[in-house]
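Understanding the architecture of this molecule
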Amino acid sequence: MIKPLFRTAAAAVLAGALLPAASFAQTELKVATLAPEGTPWYDFIAKWKENVEAASNGELQLTIFPNAQLGNELEVWNKVARGRVDIGVFSAAPMTENVPVTALLSTPFLFEKSETIYCVLDRELREDLTAMMSDKFQVIDWAENGWVQVYAQDDLSDVANAEGYKIRAAPHAMSRTLMTSIGANAIEIPYADTPAALQTGLVKGGELIGVSYVAFGINKVAPHLTVTSHSHQSGVILMGKKNWGKLSAEHQKILGDATPDLSILRQGIAGMDAYLLGLHEKAGGGVHRLTPEQRAAWKAKVEPNWASMVESLGPEAQAFWPKVLEAKKACGE
């Protein structure tokens, strides 16, 4: 009778030992981003990864692919939509390309202050903007890229100096509107070709967020930055509906709840922007901060063309534009 009892007890112990492993299933989610390590964007995602894995007791594992390892943003956008990549952390560029109405939030010289932008995005229009992408995506959270500035090989503080100036225009309505309005000789080329175009003289300027202007070395070939703060770029964290639907309700909630406070990312980008521009100035580069009169002159060139930009974005944007203006007013501008 000893042997059967031993076998029974041993089997029970073995079953108990195997039970946790059998019931513990890990789900790996690939997260693609353009951002390299050491940037506020990467740090934000890394903190999210830490929060998610802790909250799920390791059942959810986020694997980060930085520095466009899984493709450029437009490629990753399509991969996320099709479920080939689980999650993408995007800048405004692919969002405005695929959901044109979202470009309204980056209308040149529409907003004066960051606080207004954040109020509009976080409170007034968050549900509307989220719904615009709900056919293919689950919006996990919104993100931040910061203010766009004008860079050049000359000082363009006086908007009159931009007349006929050869400037790279980005392939979207906001950039076209700005460059056309100020009378620049706008040349639309891919961003990847911009450094070479600046070196050869094909163009002499363009527009970028301050962090990218220094971090990507554009300041070396176009040493003057005019702080126009003319356009703000948000970002977004998306998961394709197909892969989102494979997750349990508990895991879906964890992914949404575990994102760090967006104000941390916003502060991080603003801080890095100021730090890098400070380095640029110390090295002898020009950072031209517009007087109120100079900025008003820039805006006076652009504002009359808002209507044509809205029209170019299509009927959905035309219908949504009054709501954007109402939200702006509700947030104090």
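Here the structure is shown first, and the text comes after it.
What this report covers is the structure whose coordinates are included nearby. These figures come from a predicted structure and were not determined experimentally. (Residues numbered from 1 in each chain as written. Predicted model: local features only at pLDDT ≥ 70, side-chain atom pairs only at ≥ 80, totals over all residues. Heavy atoms only, no water.)

1. A word on the pairing of strand S3 (residues 87–90)
Across the two faces of S3 the burial is the same, with Ile87 and Val89 and Gly88 and Phe90 all buried. Pairing between strand S1 (residues 27–33) and S3: 3 bridges, direction parallel. Note on S3: the bridge partner recorded for Ala32 is Gly88. Note: S3 against strand S8 (residues 224–240), 4 bridges, orientation antiparallel. Looking at S8, one finds that Val89 is bridged to Ile237. (Buried < 20%, exposed > 50% of the residue type's maximum accessible area, 1.4 Å probe, protein only. Helix = DSSP H or I, 4+ residues; strand = E, 2+ residues; numbered from the N terminus. Pairing = 2+ DSSP bridges.)

2. What about helix H14 (residues 292–302)?
Among all positions in H14, only Arg295, Trp298, Lys299 and Val302 are buried. Taken end-on, H14 shows its buried residues confined to a sector of 95°, consistent with a single buried face. With respect to the buried face of H14, the exposed residues turned more than 90 degrees away are Glu293 and Ala300. Taken together, the buried residues of H14 touch strand S4 (137–152), helix H7 (173–181), S8 and helix H15 (306–312). (Arc of directions from axis to C-beta. Contact = heavy atoms within 4.5 Å.)

3. A closer look at a positive patch on the surface
The grouping of Lys79, Arg82, Arg84 and Lys136 at the surface amounts to a positive patch. With respect to the element layout, Lys79 can be found in helix H3 (residues 73–82). The class of Lys79 is partly exposed, set by a relative accessible area of 30%. (Patch = residues over 30% accessible without salt bridge, like charges linked within 9 Å, V, L, I, M, F, W, Y side chains within 5 Å. Areas by Shrake-Rupley, 256 points an atom, 1.4 Å probe, with all protein chains shown as cover. Salt bridge = Lys/Arg side-chain N within 4 Å of Asp/Glu carboxyl O. Lys, Arg positive; Asp, Glu negative; His and termini not counted. Charge placed at Lys NZ, Arg CZ, Asp CG, Glu CD.)

4. A few points about the pattern of salt bridges
By the definition in use, this model includes 13 salt bridges. Note that Lys299 and Glu112 form a salt bridge whose closest N and O atoms lie 3.3 Å from each other. Of this pair, Lys299 sits in helix H14 while Glu112 sits in the loop between helix H4 (92–98) and helix H5 (114–124), and the two are 187 residues apart along the sequence. For Lys299, a relative accessible area of 19% corresponds to the buried category. As a salt-bridge pair, Asp122 and Arg266 come within 2.8 Å of each other at their nearest N and O atoms. One end of the pair, Asp122, is in helix H5; the other, Arg266, is in helix H13 (residues 262–282), with 144 residues separating them in the sequence. The class for Asp122 is partly exposed, based on a relative accessible area of 34%. Several salt bridges share partner residues, and in doing so they unite Glu112, Arg295 and Lys299 into one network.

5. Topic: the packing of aromatic side chains
Scanning the entire structure with this criterion turns up 6 aromatic pairs. A ring pair is formed by Trp77 and Phe137, whose centres lie 5.0 Å apart and whose planes are at 65°; its orientation type is edge-to-face. Pair noted here: Trp77 is in helix H3 and Phe137 is in strand S4, with a separation of 60 residues, a long-range link. In terms of burial, Trp77 and Phe137 fall into one category: buried. Note on Tyr151 and Tyr213: the rings are 5.9 Å apart at their centroids and 25° apart in plane angle, and the pair reads as stacked. In this pair, Tyr151 is assigned in strand S4 and Tyr213 in helix H9 (residues 210–215), connecting sequence segments 62 residues apart. For the pair formed by Tyr151 and Tyr213, the shared burial category is buried. Grouping aromatic residues by their ring pairs yields a cluster made of Trp77, Phe90 and Phe137. The ring of Tyr118 has Arg266 sitting right over it, with the charged end atom 3.9 Å from the ring centre. (Phe/Tyr/Trp six-rings, centres within 6.5 Å; stacked < 30°, edge-to-face > 60°. Lys NZ or Arg CZ within 6 Å of the ring centre and 35° of its normal.)

6. So, the packing of helix H2 (residues 40–55) against H13
It is at 9 Å that the axes of H2 and H13 come closest, and there the two elements cross at 155°. Between H2 and H13, the crossing angle belongs to the class labelled roughly antiparallel. Both H2 and H13 take part in a crossing whose hand is right-handed. The residues of H13 that touch H2, namely those facing Pro40, Trp41 and Phe44, are Leu262, Leu265, Gly268, Ile269 and Met272. (Axes fitted to C-alpha atoms, helices over the stretch in contact; angles between N-to-C directions. Parallel < 35°, antiparallel > 145°, perpendicular 65-115°, else oblique. Left-handed = near helix turned anticlockwise from the far one by under 90°.)

7. Focus on the side chain of Thr116
With respect to the helices, strands and loops of the structure, Thr116 is situated in helix H5. Accessibility expressed as a relative area gives 1% for Thr116, which makes it buried.

8. Some points on the nonpolar core
Of all hydrophobic cores here, the largest spans 100 residues; its most connected members are Trp48, Leu104, Met133, Ile182, Leu255 and Trp298. In terms of residues, this core owes the most to one element, S4, which gives 10 residues. In this structure Leu104 touches Leu110, Met309, Val310, Leu313, Ala317, Phe320, Trp321 and Val324, once residues within four positions along its chain are discounted. (Core = buried A, V, L, I, M, F, W, Y, C linked by side-chain atoms within 4.5 Å.)

9. What about the state of the cysteines?
This model, assessed by the stated rule, comprises 1 disulfide. Covalent S-S linkage joins Cys119 and Cys331, the inter-sulfur distance amounting to 2.0 Å. One quick way to see it: the torsion about the S-S bond of Cys119 and Cys331 is about -70°, and its sign makes the bridge left-handed. A residue pair is termed long-range when its members are at least 10 positions apart, and Cys119 in helix H5 and Cys331 in the segment after helix H16 (315–330) qualify at 212 residues. A residue is classified by how much of its surface remains accessible, and Cys119, at 17% relative accessible area, is buried. (Disulfide = S-S within 2.5 Å.)

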